Amino acid sequence: MLAALALAASFAASPQQAAMQSTGASGVFRTNVVGNLATVYVSGGRLDGTRVETAILVGRFSFGWQSLEVLDNGCLLPERGLSARTVALLMRGIPSILGACAYDDGPTADEGSAADVAAIRYRMRGPLVPYVIVSGPFAVGGWYGAGGGETFFKRSGSGWRRIGGSGGATSSEELRRMGVPNTAICAFRTYDAKCPNKHISYNSSPTARP
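Definitions and cut-offs
- Residues numbered from 1 in each chain as written.
- Predicted model: local features only at pLDDT ≥ 70, side-chain atom pairs only at ≥ 80, totals over all residues.
- Heavy atoms only, no water.
- Disulfide = S-S within 2.5 Å.
- Buried < 20%, exposed > 50% of the residue type's maximum accessible area, 1.4 Å probe, protein only.
- Pairing = 2+ DSSP bridges.
- Helix = DSSP H or I, 4+ residues; strand = E, 2+ residues; numbered from the N terminus.
- Axes fitted to C-alpha atoms, helices over the stretch in contact; angles between N-to-C directions.
- Contact = heavy atoms within 4.5 Å.
- Core = buried A, V, L, I, M, F, W, Y, C linked by side-chain atoms within 4.5 Å.
- Polar contact = N/O pair within 3.5 Å; in protein donor to acceptor, adjacent residues only side chain to side chain.
- Arc of directions from axis to C-beta.

1. A closer look at the state of the cysteines
Inspection of every chain in the model, using the stated rule, returns 1 disulfide. Here Cys186 pairs with Cys195 through a disulfide, and the sulfurs are 2.0 Å apart. Its S-S torsion of approximately -95° makes the covalent link between Cys186 and Cys195 left-handed. Since its relative accessible area comes to 14%, Cys186 is described here as buried.

2. Comments concerning the sheet that holds strand β6 (residues 138-144)
Sheet strands associate in pairs through backbone hydrogen bonding, adopting either a parallel or an antiparallel arrangement. If you walk across this open sheet you meet the 4 strands as β5-β6-β7-β8, and the pairing is antiparallel. Edge positions in the sheet fall to β5 (132-135) and β8 (159-164), since each of these pairs with one other strand and no more. Shown here is a sheet whose adjacent strand axes are inclined to one another by a mean of 30°, direction ignored. Relative to β6, β5 runs antiparallel, the two being bridged by 4 bridges. From the neighbouring strand, Val132 faces β6, where its bridge partner is Gly141. Across the sheet, helix α5 (residues 114-123) touches β5, β6, β7 (148-156) and β8, and the angle it forms with β8 is around 50°.

3. Brief notes about the nonpolar core
If you look at the biggest cluster of nonpolar residues, it comprises 27 residues, and the most contacted ones within it are Leu57, Leu71, Leu77 and Ile120. Of all the secondary structure elements, the ones that give two or more residues to this core are β2 (37-47), β3 (50-61), α3 (76-79), α4 (84-90), α5, β5 and β6. Ignoring anything within four residues of it in the chain, the contact list for Leu77 reads Leu57, Leu71, Leu82, Val87, Leu90 and Met91.

4. Points about the sheet that holds β2
Ordered in space as β1-β2-β3-β4, the 4 strands form an open sheet in which the pairing is antiparallel. The open sheet has two edge strands, β1 (27-34) and β4 (64-70), and neither has a second partner. Ignoring strand direction, the axes of neighbouring strands in this sheet form an average angle of 35°. In the sheet, β3 pairs with β4 via 6 bridges, with the strands oriented antiparallel. Residue Val58 lies in a different strand from β4, and its bridge partner there is Ser67. Sitting on the sheet, helix α2 (residues 15-23) touches β1, β2, β3 and β4, and the angle it makes with β2 is about 30°.

5. A look at the side chain of Glu69
In this structure, Glu69 sits in strand β4. Side chain to side chain, Glu69 and Tyr144 meet in a polar contact 3.1 Å long. Residues contacting Glu69, with those up to four places away along its chain left out, are Ala55, Ile56, Leu57, Leu76, Arg80, Leu128, Pro130 and Tyr144.

6. As for α2
Those residues of α2 not exposed but buried are Pro15, Ala18, Ala19, Ser22 and Thr23. Across the axial projection of α2, the buried residues extend over an arc of 105°, all falling on one side. Phi turns positive, to about 70°, at Gly24, one or two residues after α2.

Right, here's the structure in full:
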């Protein structure tokens, strides 16, 4: 029962419902929908003990709407490869709440086929799931909002099975013990991986969009 409740809480039938249930928000002041993305400005919620009054980026997938990010960083939307026009439409009428732009080398958007990304996202715990990366028969999904961490999967028949992951970042050695090859470890942006071109922007051409 608890597993079913956790799964149900990771997506919703509308962008407003997804944003509210992922943050516990009591109010929605504005929603902008642009294709399969939406920004929802919420108030009255809390994440990790901190009061939430901000915009939540939400994506639409085959199973419904899922919260992706708290928009507290001015780089988050451009890092997803969105055009300036799309960013402007998503932030239309929303107060200037984005913090200073801070880039990093971590994953910033989905990579993999739309079907595989949706299958992994459906199984993620949330409450916010900023990215899913699929590399061959392996995949990782990031999550935060009640702590934060990564969940790893391996293809099993026509589906996916969870093989590990928990709170915090996972090391290359831990992934190797799960049977994950170095190609996938590098694709997952693992913090201590020894990879070619590690400091080049990894998100120049994500292959899946919500």
